[in-house]
4 protein chains.
Amino acid sequence: MIKVGIVGGTGYTGVELLRILAVHPEVSVSCITSRSEAGMPVAEMYPNLRGHYDLAFSEPDVNVLGACDLVFFATPHGVAMRMVPELMSAGVRVVDLSADFRLKDLDVWANWYGMAHESPEWAEKAVYGLPEVVRDEIRTAQLVANPGCYPTAVQLGFLPLLEQGLVDPKRLIADAKSGASGAGRQGKIGMLHGEIGESFKAYGASGHRHLPEIRQGLCGAAGGDVGVTFVPHLIPMIRGIEATLYAELRNPADFDRLQALFEQRFDDEPFVDVMPFGSHPETRSVRGANQCRMALHRQEQSNIVIVSSVIDNLVKGAAGQAIQNMNIMFGLKETMGLEAPALLP
Amino acid sequence: MIKVGIVGGTGYTGVELLRILAVHPEVSVSCITSRSEAGMPVAEMYPNLRGHYDLAFSEPDVNVLGACDLVFFATPHGVAMRMVPELMSAGVRVVDLSADFRLKDLDVWANWYGMAHESPEWAEKAVYGLPEVVRDEIRTAQLVANPGCYPTAVQLGFLPLLEQGLVDPKRLIADAKSGASGAGRQGKIGMLHGEIGESFKAYGASGHRHLPEIRQGLCGAAGGDVGVTFVPHLIPMIRGIEATLYAELRNPADFDRLQALFEQRFDDEPFVDVMPFGSHPETRSVRGANQCRMALHRQEQSNIVIVSSVIDNLVKGAAGQAIQNMNIMFGLKETMGLEAPALLP
Amino acid sequence: MIKVGIVGGTGYTGVELLRILAVHPEVSVSCITSRSEAGMPVAEMYPNLRGHYDLAFSEPDVNVLGACDLVFFATPHGVAMRMVPELMSAGVRVVDLSADFRLKDLDVWANWYGMAHESPEWAEKAVYGLPEVVRDEIRTAQLVANPGCYPTAVQLGFLPLLEQGLVDPKRLIADAKSGASGAGRQGKIGMLHGEIGESFKAYGASGHRHLPEIRQGLCGAAGGDVGVTFVPHLIPMIRGIEATLYAELRNPADFDRLQALFEQRFDDEPFVDVMPFGSHPETRSVRGANQCRMALHRQEQSNIVIVSSVIDNLVKGAAGQAIQNMNIMFGLKETMGLEAPALLP
Amino acid sequence: MIKVGIVGGTGYTGVELLRILAVHPEVSVSCITSRSEAGMPVAEMYPNLRGHYDLAFSEPDVNVLGACDLVFFATPHGVAMRMVPELMSAGVRVVDLSADFRLKDLDVWANWYGMAHESPEWAEKAVYGLPEVVRDEIRTAQLVANPGCYPTAVQLGFLPLLEQGLVDPKRLIADAKSGASGAGRQGKIGMLHGEIGESFKAYGASGHRHLPEIRQGLCGAAGGDVGVTFVPHLIPMIRGIEATLYAELRNPADFDRLQALFEQRFDDEPFVDVMPFGSHPETRSVRGANQCRMALHRQEQSNIVIVSSVIDNLVKGAAGQAIQNMNIMFGLKETMGLEAPALLP
């Protein structure tokens, strides 16, 4: 059994880790921390976990965390970078669901997150945990930076196009939409049901923190610089991201082989599903499941490739991918604990 | 492995059976029928099942069904009663999720369902499958009538009060509310998102088909006649039932022992959770899970017991309870395949 | 033109007053106050008002308010009772949408609102502004206590039954459900979309502040003491209240005349609509409109009268009723500014 | 008073016309037709209209319609083109909310709508009723083709850019999202609440009927051919469209003058609101109102202009714009009956 600790368990990614791990056959959650709620049973805050956990939230304690095999950070940015070095020294492995170790350029990081990075050494060593790109490095990584939700949906959809050099890398557009759980569980007026129910809007259209993460990943796939425009939107629902991606095909004749290319690229991937050409993936088809589904489209006589890509932002976009990374790191079957179909309807 | 067939698999209870059974370790689904969609792969209609089933819907065929160990009926009323006798003769066991075998008084049945019952013999023999009441009979039953969604939530909440004779059985009120999936998956204008989104209403307030089923169950618990008023309402969401129950305590002094009574009554029940006195169960705490959660309330100086009871109408109110019944019938661990926590948020 | 001031304009009842008054032909809004947002243009906080108001929120100033013909309080409880006496002295008329002047028994008020009442004199003089009950007193009132949202829906539905003494006044049950806007616009975690979307629950089931207000009103209608159980619930939508009311008819033969009784009772009421017997009023049928719609039901051989009553909690349950009261107080046509049909779908 | 007839009144645009016209001071609705519901009072189908209309749906009768001053068609495509010629002969003016007269190229029309056009003469004469482009022609038009919902939101947002030739007209992308009411009020399984609630998806991504209409309008603005990619999406809500538009600025230095350009372009337009640079228009800010709100965005060092444009698909995208057109045609104040602010929250 892998002994797991969770730092910052009161948010939506924390409860989602607990939900999935509750039925993972090789994991035992030994501690879950929260400064603000220390002492409260997790099942009192999250009644879906009644009968599944006897744990209570505890103050973060490096000795306790240091005795774990793996620690997940489900914290706001700025927390993991301060605690990780000590855990690394203790030989603990870490999957950080926050943004602290995702960017390699720490000036860019400092600029978007408004503080200096405090662990440049580990920022360099961290493996950006998108298994579909760097599975082998994840196996042996001590520190995995779990990708953001939007970056997961956007990167997976663009990957085959950029890796093959089929599209103009300077003209990428990602129009993405997310349910409200992506904003976390803080008492902000702007996230009240009364404010966002029955309404839709763009946000962060002049620049969002996931933009540099997306750009970094796409540059890697393209093997060079890219130009990408990324606009997120808020959907009046709880879970799910849909990203509609637009790229300009260099040679329109390539349209004929795109579907096969995508299918081959993800053929061995347990958590990426390429649907038939012209399909419309629904976010509900991945609700609660560690899946990315995508489909390709073309409009008549156009050289624009359209990719629609969906994930559950809390699963393949956060906790599920973190557990997928854990499975890889510990040599377990990659799909362990992640087999259940999505909840539909 | 139990070889399972499903009759009428295109509706929401059909897909829910498939979703849960996809990860049930002792079940193999060998056929799923649909007259209207014969030939269509189930994963094409329900993309959450892509990668989980290779099955296609087929025409119902008694020979094929007759080779199953267990057949679930997820059909509209009137179908199972015509097919069940032949399956019984073939020695197949059946869990009928429709209303065909729930009522013992067939005049009442005929009155509410608008047709004569065609299998009175099996209506008499059928076991009404509420495990919390008749677990032992379910073990050996050949035909189990799976309870309705509202009746499950309402009966479980009233049970301890009526069994102990603590309340006036003539003055029971059940004000129940359900998400839209309870109405099934037919193309009715009244169930369009544009019609029921952002709105709330009572329906069937002058009489609903679940009223006689509720009355029958409550009479059994009370050991005599009851008077119950039942008003269902439609919530603008997909899954979940909340029933607020009102009963008049004969002796207000009994209030002090109600919480203990409820806890004892359900202490050994894996799927009924009595929350602390004064809690407010949320439907999301059981979303996708085979759970009933309930809590008791009293208003100052009142002798009215208030019980709030929640289930997922498609799980403990339909497919989950059916699989619970199957587990009991086949001597499996009752919770097998039903362990995953609810999807929250 | 009536010169109107609004105290506490940043909440949902504040913006709703502005929305309706924007097209009221006899009103000019001269000031709207908010301590926290002083200086911010109202149209910046509420973009639906862009082009309709040049006003900005201002610090509350008794001199400015004292120059108004009418002041609406759209504040949390505890504010109006401190400011009203001075405004009364200045000869200003007030409609208080908060709870400060609704209860006549100030011990009960203190008990439920957790503070001593600071204006007992005006609490006594205030008219409880349910026009369908005390229209004539409203005409000349200087201070009107605008009814709560639940109390409006519940009282209107029970009124004819209690006024005529047709039901047992000791056995009244009001099972009420509200959209999320009823909880106001504060950054509480419990009201996030991620918390209440796609879920349903009771709340305040052991006692809610609207219970004493409801009881006071029903006692008035019954001409004596009543026993009422009131359980509110939270619907995953923004606007609307539905109350399902249960009362025991003393003489079942009276069922035959109930529909006529209700129709006569509200025949001259512009904002109460008695639908045909057996109808199911939808909250969307009153969305944005100053209407209460209701309908009667009976279940077979039962002596329980069922009334389903719907309002928009922000309109007939708050701002609309306040403007209706204003129209009455100033001798205007009672429906002025309140004529537009509900927004459906 | 303008005597108005409505053909095809049972759908969402029909009831929306009735809702707005109920308080229009210069209009009297004299008939509303529906073949399927002839005889049913409109207030029975749409209870929000109780007390506002005594009308019942009637069979369409050219004599009755011919006695109207103006007839609105709120029908599926293919109906208006058959009835319009006779009404034109009778001297009646028509605003057609369907797609019949929107496209000038009837081969394109036939291709997308699957039938030959039956009134080429009037298709040529019809004025495409986007007042912000062709107000003067609308004044005298006998037949106005009311624009589609998506085309309204998309065209208004691109107009200033194309009219001034500031962007590459061959690289326009419109990623648009709509609430469910845009699909009308037919009993389709795919539009059930159980199917589209809590989910999001693209649809028609390989080609949608509004694409040729958008292209036609944008070509007009650009004074030449354009290349536009248009992908619609379905939002789990009822009303509202948001379109995020992407265009490549020919000269990045032009960014500095875009805001002023947009403000000037729409300065005199009562129903287009250009918000401050960097704002995020919400669909709720136009719910129920005849408004288009838009805002501009730029991401760092990018030459992509981003425009976010919102409308209520049933108002500025259908019934409201139709009434705006009527006001223009009959020399009324353009805003008459359309002054009320949006319903927020």
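Calculation notes
Residues numbered from 1 in each chain as written. Chains lettered and ligands numbered in written order. Predicted model: local features only at pLDDT ≥ 70, side-chain atom pairs only at ≥ 80, totals over all residues. Heavy atoms only, no water. UniProt positions renumbered as here; feature names shortened; annotations may be inferred. Helix = DSSP H or I, 4+ residues; strand = E, 2+ residues; numbered from the N terminus. Phe/Tyr/Trp six-rings, centres within 6.5 Å; stacked < 30°, edge-to-face > 60°. Buried < 20%, exposed > 50% of the residue type's maximum accessible area, 1.4 Å probe, protein only. Lys NZ or Arg CZ within 6 Å of the ring centre and 35° of its normal. Pairing = 2+ DSSP bridges. Salt bridge = Lys/Arg side-chain N within 4 Å of Asp/Glu carboxyl O. Contact = heavy atoms within 4.5 Å. Buried area = accessible area lost by both parts, 1.4 Å probe.

### Notes on the UniProt feature "active site" (unreviewed entry) in chain A
With numbering matched to this structure, UniProt assigns "active site" (unreviewed entry) to Cys149 of chain A. Here Cys149 of chain A shows up in helix H8 (residues 149-163).

### Points about the packing of aromatic side chains
All told, the structure shown has 10 aromatic pairs over all chains when counted by the stated rule. Ring geometry for Trp109 of chain C against Tyr113 of chain C: centres 5.1 Å apart, planes inclined by 25 degrees, an arrangement best described as stacked. Here Trp109 of chain C pairs with Tyr113 of chain C, and both are found in helix H5 (residues 106-113), just 4 residues apart, close to one helical turn. Among the residues examined, Trp109 of chain C registers a relative accessible area of 0% and is labelled buried. Judged by relative accessible area, Tyr113 of chain C falls into the buried class, the value being 7%. It is Lys125 of chain B that lies over the ring of Trp122 of chain B; its NZ or CZ is 4.5 Å from the centre.

### Considering the pairing of strand S13 (residues 304-311) of chain B
Residue and element names in this part refer to chain B. Burial within S13 is extensive, with 8 of its 8 residues counted as buried. By the alternation rule, side chains of S13 split into Ile304, Ile306, Ser308 and Val310 and Val305, Val307, Ser309 and Ile311, which are all buried. Relative to S13, strand S10 (residues 241-248) is paired through 8 bridges, and the arrangement is antiparallel. Among the inter-strand pairings, Tyr246 is bridged to a residue of S13, identified as Ile306. Judged from the 6 bridges that link them, strand S12 (residues 292-297) and S13 form a sheet pairing that is antiparallel.

### Comments concerning the pattern of salt bridges
Overall, the coordinates contain 96 salt bridges over all chains when judged by the stated rule. The salt bridge partner of Arg185 of chain A is Glu195 of chain C, with a shortest N-O separation of 3.3 Å. A residue pair is termed interchain when its members come from two chains, as with Arg185 of chain A in the loop between strand S7 (172-178) and helix H9 (193-196) and Glu195 of chain C in helix H9 (residues 193-196). The partner of Glu213 of chain B in a salt bridge is Arg102 of chain B, and the shortest N-O contact between them spans 3.2 Å. Within this pair, whereas Glu213 of chain B is found in helix H10 (residues 210-222), its partner Arg102 of chain B is found in the loop between strand S4 (93-96) and helix H5 (106-113), the two being separated by 111 residues in sequence. One exposure class covers both Glu213 of chain B and Arg102 of chain B, and it is buried.

### Some points on the interface of chain D and chain A
Each partner contributes residues to the interface: chain D has 51 residues there, and chain A has 51 residues. Buried surface at the junction of chain D and chain A, both sides included, amounts to about 4,000 Å², of which 47% is carbon and sulfur. For chain D, the biggest contributors to the area lost against chain A are Glu198, Phe200 and Gln299 of chain D; these three give 17% of the whole. Viewed at the interface, chain A and chain D are joined by 6 salt bridges.

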